[in-house]
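One letter stands for each residue in the lines below.
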Amino acid sequence: MTFKKFIFQLHKILGLTTGLVVFIVAITGCCWAFKEEIESLYDDYKKVVPQNQAILTPTQAKQLAKDVFPNNTVHGTLFKKADDAIEVIFYDAEPEFYQSVFLNPYSGKVIQVDDHLSGFFAFILKGHMRMWLPKDIGEQVVGASILIFIMIIISGFILWIPKKKKNLKQRLKFDWKKTTRWKRKNFDLHTIIGFYVCSLALILAFTGSVISYNWLKYVVYKSTGGDKVPAFIIPENKSKVAMDEGIIPMDTLIVKLLKESPDAESFELHYPKTDEESIYVEVSNSKGLYYDSDYRFFDQNTLEELETPAIYGKYKDAKFADKILRMNYDIHIGAIGGIAGKILAFLISLLTATLPVTGVLMWYGRRYKKKVTDV
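Keep in mind that this is a model prediction, so the values were computed, not measured. (Residues numbered from 1 in each chain as written. Predicted model: local features only at pLDDT ≥ 70, side-chain atom pairs only at ≥ 80, totals over all residues. Heavy atoms only, no water.)

Undergrad: So what's going on with unusual backbone geometry? Residues and values would help.
TA: Note on backbone geometry: most residues besides glycine have negative phi, and most peptide bonds are trans. Glu94 connects to Pro95 through a cis peptide bond whose omega is -15°. Checked against the element boundaries, Pro95 lands in the loop between strand E2 (86-92) and strand E3 (97-103). The backbone of Met131 shows a phi angle near 60°, a positive value even though the residue is not glycine. As for its position among the elements, Met131 is in the loop between helix H4 (120-130) and helix H5 (135-160). (Helix = DSSP H or I, 4+ residues; strand = E, 2+ residues; numbered from the N terminus.)

What follows is the structure, given as structure tokens:
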């Protein structure tokens, strides 16, 4: 067996094995690309009339939201601009529970409750992440299939390279005539589209694998010269004794941060789970982007700012390797390039979804032809 025949067999077997998974992941990726833009068309309830009075404190917001879901865990509270509702986010892993309570920041009135595990985009995300299978099984199936898809892309490029230079033109553009048969058209759709999307599809697949596997995240970080911990670490308080019980330091933190960073998009405050854990606030500095967010930690008794040994700290302190890993998600969804990047990610995902289809049709056509010849 020649090298190319071996690569062809490998490409075929891996493609048939993972084709359905790749198709679903790619199609759901298309649908997810413009999630924020689509949701913004019907989220007017998140806006309020600004008032000349103090907004709810983190403690008040948590207590009011807990009246709605008294038996669930508050993950954090999101504070935005003066005309935005406060969002209290609830999350529990077992049984899975993920909902948000939106409050008027001045009166504390409950505006709306959103269930993040229901609706169109929740359905799409479950398909993209785990094929609508149980979480433990589905995530492994998708993760392994996308790693295999990277091998399929590489083997496909090797097969695409023509033996003779004069045939290169046929691999770069469609040259169909009225007499061109469907098998040839299908072959061209698979090879030509595959060539043009392979590099960007490889980026999307690789960044998705980094999200799925911590070991790959570690390898990427260390190979780019990282010297911190490629994980999320919340430092412990430095102080051991709480201050005056009549004053909750955390309740003054958001006002303090709003003054320090008036141009920030949002402040997501996470309540300490223990007396030893510090307060964690994610400061979003750019709309629709995550990589340049500041992850800040404060002693829950004194509000002294603390440093973390992990890559998720202040963005200004991030080194090259830190930025590469931080950008991974924004690259994966195309947000790193703004609306143009999202359009590109949408198109690449859509075209990638055609490859398993045309590949299966090629396999079927050859097998069917062989059977007819045998008869």
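Undergrad: For the packing of helix H1 (residues 3-32) against H5, give the residues involved together with the corresponding values.
TA: Two elements in contact, H1 and H5, have axes separated by 8 Å at closest approach and are oriented at 140°. Here H1 lies oblique to H5, going by the angle between them. By crossing handedness, the relation of H1 to H5 is classed as left-handed. The segment H1 lies against H5, with Phe3, Lys4, Ile7, Phe8, His11, Leu14, Gly15, Thr18, Val21, Val22 and Val25 engaging Val141, Val142, Ser145, Ile146, Ile148, Phe149, Met151, Ile152, Ser155, Gly156, Ile158 and Leu159. For the contact of H1 with H5, the residue count by class is 16 nonpolar, 6 polar and 1 charged. (Axes fitted to C-alpha atoms, helices over the stretch in contact; angles between N-to-C directions. Parallel < 35°, antiparallel > 145°, perpendicular 65-115°, else oblique. Left-handed = near helix turned anticlockwise from the far one by under 90°. Contact = heavy atoms within 4.5 Å. Nonpolar A, V, L, I, M, F, W, Y, C, P; charged D, E, K, R; others polar.)

Undergrad: Give me the lowdown on the environment of Ala335, citing residues and values where you can.
TA: For Ala335, the location among the structural elements is in the loop between helix H11 (328-332) and helix H12 (338-374). Given the relative accessible area of 6%, Ala335 is considered buried. The spacing of Ala335 and Ala321 is 14 residues in sequence and 19 Å in space, taken between C-alpha atoms. Not counting residues up to four positions away in its chain, the partners in contact with Ala335 are Gly288, Leu289, Asp330 and Lys342. (Buried < 20%, exposed > 50% of the residue type's maximum accessible area, 1.4 Å probe, protein only.)

Undergrad: Tell me about the state of the cysteines, and name the residues and values.
TA: Per the counting criterion, the structure on display carries 0 disulfides. Not part of a disulfide, Cys30 finds its nearest cysteine sulfur in Cys31, a span of 6.4 Å. Here Cys198 is not cross-linked by a disulfide; its sulfur's nearest cysteine counterpart is in Cys30, at 17 Å. (Disulfide = S-S within 2.5 Å.)

Undergrad: Mind laying out the pattern of salt bridges, listing which residues take part and the relevant values?
TA: Using the criterion set out here, one finds 14 salt bridges in the structure. Between Glu96 and Arg130 there is a salt bridge, and its shortest N-O distance comes to 3.5 Å. Of this pair, Glu96 sits in the loop between E2 and E3 while Arg130 sits in helix H4, and the two are 34 residues apart along the sequence. For Glu96, a relative accessible area of 35% corresponds to the partly exposed category. Under the relative-accessibility criterion, Arg130 is labelled buried at 13%. A salt bridge links Lys228 to Asp322; the shortest N-O distance between them is 3.2 Å. Pair noted here: Lys228 is in the loop between helix H8 (214-223) and helix H9 (253-260) and Asp322 is in helix H10 (residues 320-326), with a separation of 94 residues, a long-range link. You can call Asp322 buried: its relative accessible area is 1%. Within this structure, Lys256, Glu260, Arg296, Glu305 and Lys314 form a network of salt bridges that share partners. (Salt bridge = Lys/Arg side-chain N within 4 Å of Asp/Glu carboxyl O.)

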